[in-house]
Amino acid sequence: MIKIIDKFFDNKTLKNIQDHISNKIYFTPRYFKEKERTIENYYGSRFKLSEDKVLLDTFVKETESKFKIKIKKIGSDSGIDLRNTDRFRPHIDPAKVNILIMLKGSRAVTNGTVFYTDKELDMHIGFMENRAIMFPSNKFHSANVNKVYNIRRYTATLFVEDYDE
């Protein structure tokens, strides 16, 4: 089950979030394997949403409204990511479902998110600001690769550990 919602936030809320994430928060470099801080293991940079309750509540409220769920528990690693899209990094996440919200970046087919079935690339969702995707956390996925140097994107991810429909 993969669900997509475009125009996730109203325009004013989106602009406020974009300003906030561009100018008022600090990102920490992240690695897939923390003990191996190499370019091959570099994930991107993350701001943990637990550090900004107002921003977290904004994401949770809109997620519950748009996806028609009641979130019971959010993973502590939920956050805002700032990433270059220079290589595929297929992975799964430790939650029940992910809510991926595309916040700021170039609208492009090659700047979105890809999904895998049986280790084969089989689905792509292009990047578009203000688009949200809900998908099972155990589905392999990755940021798509963009051949243009230094293409960056901001996304928010809620790792939903428990919810009611």
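All values reported here derive from a predicted model rather than from experimental measurement. (Residues numbered from 1 in each chain as written. Predicted model: local features only at pLDDT ≥ 70, side-chain atom pairs only at ≥ 80, totals over all residues. Heavy atoms only, no water.)

Student: Just give me the short version of helix α1 (residues 11-23), but keep the residues and values in it.
Tutor: Here α1 is 13 residues long and its end C-alpha atoms lie 18 Å apart, about the 18 Å a rise of 1.5 Å per residue gives. For α1, the complete set of buried residues consists of L14, I17, Q18 and I21. For α1, the angular spread of buried residues about the axis comes to 100 degrees, placing them on one side. Away from its buried face, by an angle of more than 90 degrees, α1 presents the exposed residues K12, K15 and N23. Taking the backbone nitrogen of K12 as reference, a side-chain oxygen 3.1 Å away marks D10 as the first, capping residue of α1. (Helix = DSSP H or I, 4+ residues; strand = E, 2+ residues; numbered from the N terminus. Expected span 1.5 Å × (residues − 1). Buried < 20%, exposed > 50% of the residue type's maximum accessible area, 1.4 Å probe, protein only. Arc of directions from axis to C-beta. Polar contact = N/O pair within 3.5 Å; in protein donor to acceptor, adjacent residues only side chain to side chain.)

Student: A description of the packing of aromatic side chains should follow, citing residues and the corresponding values.
Tutor: The geometry of an aromatic ring pair comes down to the distance between the two centres and the angle between the two planes. In the structure shown here, the tally under the stated rule is five aromatic pairs. Seen from their ring centres, F8 and F67 are 6.1 Å apart, and the 40 degrees between their planes marks the pair as tilted. Placement of F8 in the loop between β1 (3-5) and α1 and of F67 in helix α2 (residues 53-67) is noted, with a sequence separation of 59 residues between them. Comparing F8 with F67 shows no difference in burial state: the two are buried. Counting every residue linked through ring pairs, the aromatic cluster contains F8, F9, F59 and F67. Note that K96 overlies the ring of Y163, its terminal NZ or CZ placed 5.5 Å from the centroid. (Phe/Tyr/Trp six-rings, centres within 6.5 Å; stacked < 30°, edge-to-face > 60°. Lys NZ or Arg CZ within 6 Å of the ring centre and 35° of its normal.)

Student: So, the nonpolar core: which residues are in play, and what are the values?
Tutor: By size, the foremost hydrophobic cluster in this structure holds 29 residues, and its most contacted members are F59, I80, I101 and L103. Elements represented by at least two residues in this core include exactly α1, α2, β5 (79-84), β6 (97-105), β9 (131-136) and β11 (152-164). Look past the residues within four positions of F59 in its chain and what remains in contact with it is F9, I17, L49, I80, I101, L103, A156 and L158. Residues L100, F115, I125 and F127 belong to the second largest nonpolar core, which totals seven residues. (Core = buried A, V, L, I, M, F, W, Y, C linked by side-chain atoms within 4.5 Å. Contact = heavy atoms within 4.5 Å.)

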